Structure formats: structure tokens, C-alpha cells
Amino acid sequence: MAIKITDECINCGACEPECPNNAIYDAGVTWKFSEGTALEGIIDFGDGVTLDANESQDAVSNEVYYIVSDKCTECVGFHDEPQCAAVCPVDCCVEDEDVVESEEELLSKKAWLHAE
């Protein structure tokens, strides 16, 4: 599963610098696939959907920090546990039951994000 940040978030920002994929953003901040990854130019999701990696995407939350599930690998391939959850002082970084991925899928996503 990807990780999500619940509305219990106190907006401390401890999680943001810990993410190896730059998948965590402050409330209301737009994001890009190219930020913190090797993705650039037009990226193909393999299902007929393409977009520019440098194109700004809408914020997922305007209230609290948020995690972009398309960039979250639960730190698989980097660390033994999700670093956002490890440093969160209020335990609001939890598994996202709406985005279930196997370890193999997470490793594949990591390889895609970082051109490995």
C-alpha cells in the first residue's frame, strides 16, 4: 500500500525531507512528477495516459501535508520502513487502503521513478 497522511497532521513538516521520492508536499502546494525523480519530458503510464513530468499537478490537500500515491514506494528499496511514518510525531502517516501494491510493484515503481 502507499502511505497517506490523515487529517490529524499538525503540519510540522518532519516527513517531507525524509521521502526518497519527493512524494510529500505541504498543504496547497502543487507537485510535479519530475521533482525528486529521474522522470522528465513526456511520461507514459502504459495505459494510454501520458503527461509532461514537469507539468504542475493540483495539490491533493489544501489542509495538511499530503503524499502523492503515484510517487510513494513506502520506501521499499531505500529503507526497511516508511520514513514518513517513522518520524511523524502524531502517527498520522498510515497505510492507504485505497492504494494496495505488492513489494514487487513498489520496487518496479521505484525503478521507474529513478530510471534504474
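What counts and how
- Residues numbered from 1 in each chain as written.
- Predicted model: local features only at pLDDT ≥ 70, side-chain atom pairs only at ≥ 80, totals over all residues.
- Heavy atoms only, no water.
- Core = buried A, V, L, I, M, F, W, Y, C linked by side-chain atoms within 4.5 Å.
- Buried < 20%, exposed > 50% of the residue type's maximum accessible area, 1.4 Å probe, protein only.
- Contact = heavy atoms within 4.5 Å.
- Helix = DSSP H or I, 4+ residues; strand = E, 2+ residues; numbered from the N terminus.
- Phe/Tyr/Trp six-rings, centres within 6.5 Å; stacked < 30°, edge-to-face > 60°.
- Salt bridge = Lys/Arg side-chain N within 4 Å of Asp/Glu carboxyl O.
- Arc of directions from axis to C-beta.

The chain is annotated in an unreviewed UniProt entry as 4Fe-4S dicluster domain-containing protein of Sphingobacterium populi.

Draft legend 1. Expanded view of the nonpolar core. Counting residues in each nonpolar core, the largest one holds 17 residues, and the members touching the most others are I5, I24, I67 and C84. The contacts of I67, once residues within four sequence positions are left out, are I3, K4, I5, A23, I24, C72 and C84. One finds Y25, L39, Y66 and L113 within the second-largest nonpolar core, a separate group that totals 10 residues.

Draft legend 2. Region of the structure containing the environment of C75. Residue placement: C75 occurs in the loop between strand 5 (66-67) and helix 1 (83-87). Taking the relative accessible area as the measure of exposure, C75 reaches 7% and is therefore buried. On a C-alpha basis, the gap between C75 and E103 in space is 10 Å, while along the polypeptide they are 28 residues apart. For C75, the contacting residues outside a window of four places in its chain are P20, E81, P82 and Q83.

Draft legend 3. Spatial organisation of the packing of aromatic side chains. Overall, the coordinates contain six aromatic pairs when judged by the stated rule. With a centroid separation of 6.5 Å and an interplanar angle of 45°, the aromatic rings of Y25 and W31 are classed as tilted. Relative to F45, the ring of F33 lies with its centre 5.4 Å away and its plane at 65°, an arrangement referred to as edge-to-face. Note that F33 is positioned in the loop between strand 2 (24-25) and strand 3 (42-44) and F45 in the loop between strand 3 and strand 4 (50-52), a separation of 12 residues in sequence. Taking relative accessible area as the criterion, F45 reaches 30% and is therefore assigned partly exposed.

Draft legend 4. Here's a closer look at the pattern of salt bridges. Inspection of every chain in the model, using the stated rule, returns three salt bridges. We note a salt bridge from E101 to K109, for which the minimum N-O separation is 3.0 Å. The class for K109 is buried, based on a relative accessible area of 10%. Notably, a salt bridge pairs E116 with K110, separated by 2.8 Å at the nearest N-O pair.

Draft legend 5. Molecular detail of helix 2 (residues 103-113). Of all the residues in helix 2, the buried ones are L106, K109, K110 and L113. Within helix 2, the buried residues cover an arc of 100° as seen down the axis, which keeps them to one side. Just downstream of helix 2, A115 is the residue with a positive phi angle, here 50°.

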